[in-house]
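Architecture and fold: a report
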Amino acid sequence: MAHLELDDVSAAYGTFQVLKGIDLSVARGETVGLVGPSGSGKSTILRVLTGLLPPSSGEVRVAGDVVDYSRASEIRRLRDRCAIVFQQYNLFQNLTVLENVTIAPTKIRGRKRAEVQPEAEALLARVGLSDKLGAYPDELSGGQQQRVAIARALCLKPEILLLDEVTAALDPELVSEVLDTIRGLAAEGMTMLIVSHEMGFIREISARVAFMAEGRVVELGSPADIFDNPQKERTRDFVGKILRH
Amino acid sequence: MDYTFQYGQVWPYLPYLLSGAWLSLQIAFLAFCGGLLIGTACAAMRSFGKGPLLIVVNAYVIFFVNTPQLVQIYFLYFALPDMGIYLSSYMAVLIGMTLNAGAYLTEIQRAGFESRRRSEMEAAEVLGFSRLQQVRYVILPHVAKVLFPPLSNHYILMTLGTSMAAIFGVEELTGRALNVNSQTFRSLEVFSVVALIYIAVTLVASVLLALLGRYGFRAKMRVV
């Protein structure tokens, strides 16, 4: 059974149809890359999977459980299972690094601080930020903030991690530290759906890649299929453009 | 200049002046607190409200921000009695300053409310925060941090603005300075001492507010 499944999912912002019948599945422990031009609906899929945008039709299943978006309790459950990391990190600016990571488990989930703190410290050590526990986000570089955001998402022990262009706002020399963190997660068997413009990275880390355009999955296959031997004209066009520079 | 300073004539009045300064502080503090309550309610209205109440709030802010404070207090003190409402000079000043502060603090706080960051609220939402938890853990701390410096500034301005009460015969610092002046005729000495008291009062307040802002709200404020 697939860990995450989208079955003919459509979604709209107001009257603007962004997703037009998406079929996509991610197996347990698999990493799937989403690529495609801006506005193709990649990030919108992640918004649907975190309940920020309910689908207008179709079905989302997590480990076989159909998500009922009309029920707040099911949206909460969905958010427990799928964590997202945003392009702009979206850290809480008024909290320290450690507090950013511990606030949701302690204040929202009601777990004991004494129990959460060692976990949070271990996660932050893992992303290489042990010396920044007491720092505030505005004292960190973009790459460091993004790693805090990853630790914050992981501290809720999600089953599935959604990454939304997590390196797009970073200086080139900071990209690799974030990518290293993600590689480590993939190696540990985290189920991940990754939206990125880092084609080299997507190619390296993804088991499968979905190419999207105009709200549809145009082509789905292994990285080699998509990048070296695309079947559809639209995919060839995109791959041709990105490989030229 | 062959002026001989005679501070000796003013010193005996120092306790009298200082208790006047205490009254100034009280007026500023009360008017600021009242203004903060009005301002918070009106800013919430302006940011989130609609309908006739919003029109009333807008009219209130436009009126009080665009007329001199002195005229507003004159109105309360001299014009209201024509309508059968009599206020003591102290009450006229206090109410006038409160209403004026309410209008300014509405504008200041509205800017703070509107600076709340959608991105952080979205992050909170996907982490499972309820609306109320978002307000408590994300919006309020941010808004407090953004608002603390301009609110502090306004408080300092209001402390100095209390001198207007002297015109209505309220015996705060400036009012008492006028009294001492008319008894001693040592204007230079009297008003230089009064100026120093104002400076001391506002400096102490500035430092305390900056310390509170910096360590309580993580606001970017310079202490001294």
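First things first, this report covers the structure right here in the doc. Predicted model only: the values in this text are computed from it and were never measured.

What follows deals with the pairing of strand S3 (residues 31-35) of chain A. Residues and elements named next belong to chain A. S3 sits mainly inside the fold: 5 of its 5 residues count as buried. Burial of the side chains of S3 extends over both faces: Thr31, Gly33 and Val35 are buried on one face and Val32 and Leu34 on the other. Note that S3 and strand S8 (residues 191-195) share 4 bridges and pair parallel. Bridging from a neighbouring strand, Leu34 pairs with Val195 of S8. The pairing of S3 with strand S9 (residues 208-213) spans 4 bridges and is classified as parallel. Bridge pairing links Val32 to Arg208 in S9.

By size, the foremost hydrophobic cluster in this structure holds 76 residues, and its most contacted members are Ile84, Leu162, Leu163 and Leu193 of chain A. In terms of residue count, helix H5 (residues 142-154) of chain A provides more of this core than any other element does, 6 residues in total. If sequence neighbours within four positions are ignored, Ile84 of chain A has contacts with Leu46, Thr50, Ala153, Leu162 and Asp164 of chain A together with Val126 of chain B. By size, the runner-up hydrophobic cluster in this structure holds 36 residues, among which are Leu36, Ala43, Tyr104 and Leu151 of chain B.

A word on the interface of chain A and chain B. Taken together, the 16 residues of chain A in the interface contact 16 residues of chain B. Elements that contribute at least two residues to the side of chain A that touches chain B include exactly helix H2 (72-81) and helix H3 (97-108) of chain A. With 4 residues, H3 of chain A is the single largest residue contributor to the side of chain A that touches chain B. In terms of residue class, the side of chain A that touches chain B is made up of 8 nonpolar, 5 polar and 3 charged.

Criteria and thresholds
- Within any chain, residue numbers begin from 1 and follow the written order of that chain's sequence.
- To label them, take the chains in the order written and letter them from A, then take the ligands in the order written and number them from 1.
- Residues qualify for local features only when their pLDDT is at least 70, as the model is predicted, and side-chain atom pairs are given and counted only at 80 or more; totals for whole chains, interfaces and linings, by contrast, use all residues.
- Backbone-placed C-beta atoms define the burial measure: a residue is buried with 20 or more other C-beta atoms within 10 Å of its own, exposed with 12 or fewer, and partly exposed in between.
- Numbered from the N terminus, helices here are DSSP runs of H or I no shorter than four residues, and strands are runs of E no shorter than two.
- Should DSSP find at least two bridges between two strands, the strands are taken to pair.
- We define the nonpolar core as any set of buried residues of the types Ala, Val, Leu, Ile, Met, Phe, Trp, Tyr and Cys, connected via C-beta atoms lying within 7 Å of each other.
- Think of it this way: build a C-beta for each residue from its backbone, and any pair within 7 Å is a contact.
- Residue classes follow a fixed rule: Ala, Val, Leu, Ile, Met, Phe, Trp, Tyr, Cys and Pro count as nonpolar, while Asp, Glu, Lys and Arg count as charged, and any other residue, Gly among them, counts as polar.

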